[in-house]
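# Observations on the three-dimensional arrangement
As a plain string of letters, each chain reads:
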Amino acid sequence: MVTVHHRTASVDGLDVFYRDAGPADAPVLVLLHGYPTSSHMFRHLIPALADRYRVIAPDHIGFGRSSAPSVDEFEYTFEALARVTGRFLSTIGVARYAIYVQDYGAPVGWRLALAEPHAVTAVVSQNGNAHEEGFVPSFWDPIWADAAERTSETRDALRPALGREAVEWQYTHGVPDPTAVDPDAWEHDLALLARPGQDDVQLALFRDYATNRALYPAVHSWLRASRVPVLAIWGRNDEIFDAAGAGAFTRDAPDARVELVDGGHFLLESHLDLVAATIREWLPKT
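What you see is a predicted model, and the numbers here were worked out from it, not measured in a lab.

### What about the packing of aromatic side chains?
- The tally for this structure, following the rule as stated, stands at 24 aromatic pairs.
- With a centroid separation of 5.9 Å and 55 degrees between ring planes, the pair formed by F135 and F241 is classed as tilted. Note that F135 is positioned in the loop between β6 (120-125) and α4 (137-149) and F241 in the loop between β7 (230-235) and α10 (244-247), a separation of 106 residues in sequence. Across this residue pair, the class does not change: F135 and F241 are buried.
- The residue whose ring lies beneath R213 is F135, and the NZ or CZ to ring-centre distance is 5.6 Å.
- Over the ring of W144 we find R213; its NZ or CZ atom is 4.1 Å from the centre of that ring.

### Here we look at the layout of surface pockets
- There is about 320 Å³ of room inside the largest pocket.
- Around the largest pocket, the lining comprises 18 residues; the ones closest to its centre are F139, I143, L158, A161 and F206.
- When contributions to the lining of the largest pocket are tallied by element, the ones reaching two or more residues are α4 and α6 (164-172).
- Tallying contributions element by element places α4 first for the lining of the largest pocket, with five residues.
- Across the lining of the largest pocket, the residue classes tally to 15 nonpolar, two polar and one charged.

### Points about helix α9 (residues 210-226)
- Look at α9: 25 Å from first C-alpha to last across 17 residues, which is about the 24 Å you get at 1.5 Å a residue.
- Taken as a whole, α9 carries its principal kink of about 40 degrees at Y216; the proline P217 stands between one and four residues after it.
- Among all positions in α9, only N212, Y216, V219, H220, W222 and L223 are buried.
- Next to the buried residues of α9 lie α2 (78-91), α3 (105-115), β6, α8 (198-208), β7 and α11 (249-252).
- Backbone geometry just downstream of α9 places R227 in the positive-phi region, at approximately 55 degrees.

### So, the nonpolar core
- Ranked by internal contacts, the top residues of the largest apolar core, which has 97 residues, are Y97, Y100 and Y209.
- The greatest single-element share of this core, amounting to seven residues, is contributed by α2.
- For Y100, the contacting residues outside a window of four places in its chain are L29, V30, L31, L32, F42, L45, V124, Q126, L268, V275 and I279.

Rules behind the numbers
Residues numbered from 1 in each chain as written. Predicted model: local features only at pLDDT ≥ 70, side-chain atom pairs only at ≥ 80, totals over all residues. Heavy atoms only, no water. Phe/Tyr/Trp six-rings, centres within 6.5 Å; stacked < 30°, edge-to-face > 60°. Helix = DSSP H or I, 4+ residues; strand = E, 2+ residues; numbered from the N terminus. Buried < 20%, exposed > 50% of the residue type's maximum accessible area, 1.4 Å probe, protein only. Lys NZ or Arg CZ within 6 Å of the ring centre and 35° of its normal. 1 Å grid on protein atoms, 1.4 Å probe; cavity = no way out; pocket = protein on both sides within 12 Å on 5 of 7 lines; lining within 4 Å. Points joined across faces, edges and corners; volume = space filled by probe spheres on them. Nonpolar A, V, L, I, M, F, W, Y, C, P; charged D, E, K, R; others polar. Expected span 1.5 Å × (residues − 1). Bend = angle between axes of the 7 residues up to and from the residue. Contact = heavy atoms within 4.5 Å. Core = buried A, V, L, I, M, F, W, Y, C linked by side-chain atoms within 4.5 Å.

Put into structure tokens, the structure is as follows:
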């Protein structure tokens, strides 16, 4: 049985909680989670890969068991999250690694790659967007409106996304059999979202998300120049980042492997074995 270690590293006065498993001298795979979850989303994937890789899954600042300072104490932007993640990896001695990115993990991962283009050896994107095609307008239009207008009204229009119905929907939409999804997954997220100050943290990140779109041309240039191997494994029924976001990777990474799975946004909750097997088959070839 694989032992998963639960550790904390100090980075610029902040605690970064992370799950760490696998041989210390094995190739490293860094797992970067999305909203509204944490490294908890990788709780089953880590032992499925850790016989072959050193698998490291940090909680972003403001999420999971990492420090969650108030918005007055920390600037919640994707640039700031990526900066802490980069320093975290340096602190624990990781210089070269593959990344698995999902949702918010994607803009964090892209910033890591742009900051150190030769550090990232391979990319697994699981519903982690890098192209305009991936955005589903019905989901994203209120977020773009808030980023553009920055009023209390546009900000408050996003508050329902913090509630039970919206969080549960993220896990169950697009899943052929929702009973296959463990309710403990969204209950875990809701408990953390209920902490004092979390609404301000998450609303700040919603507003900042538009800055990620400006990075996309640089990400595309990096993909072309680096020829980094890409696996886009996607829940084809995702109503946040649709399947066009997966196929778009082939424009800049012509050898990218695209796998569309009959699932939704949190594919690991419904198709863990398929995702793990695909990574185990694909990643050694890179």
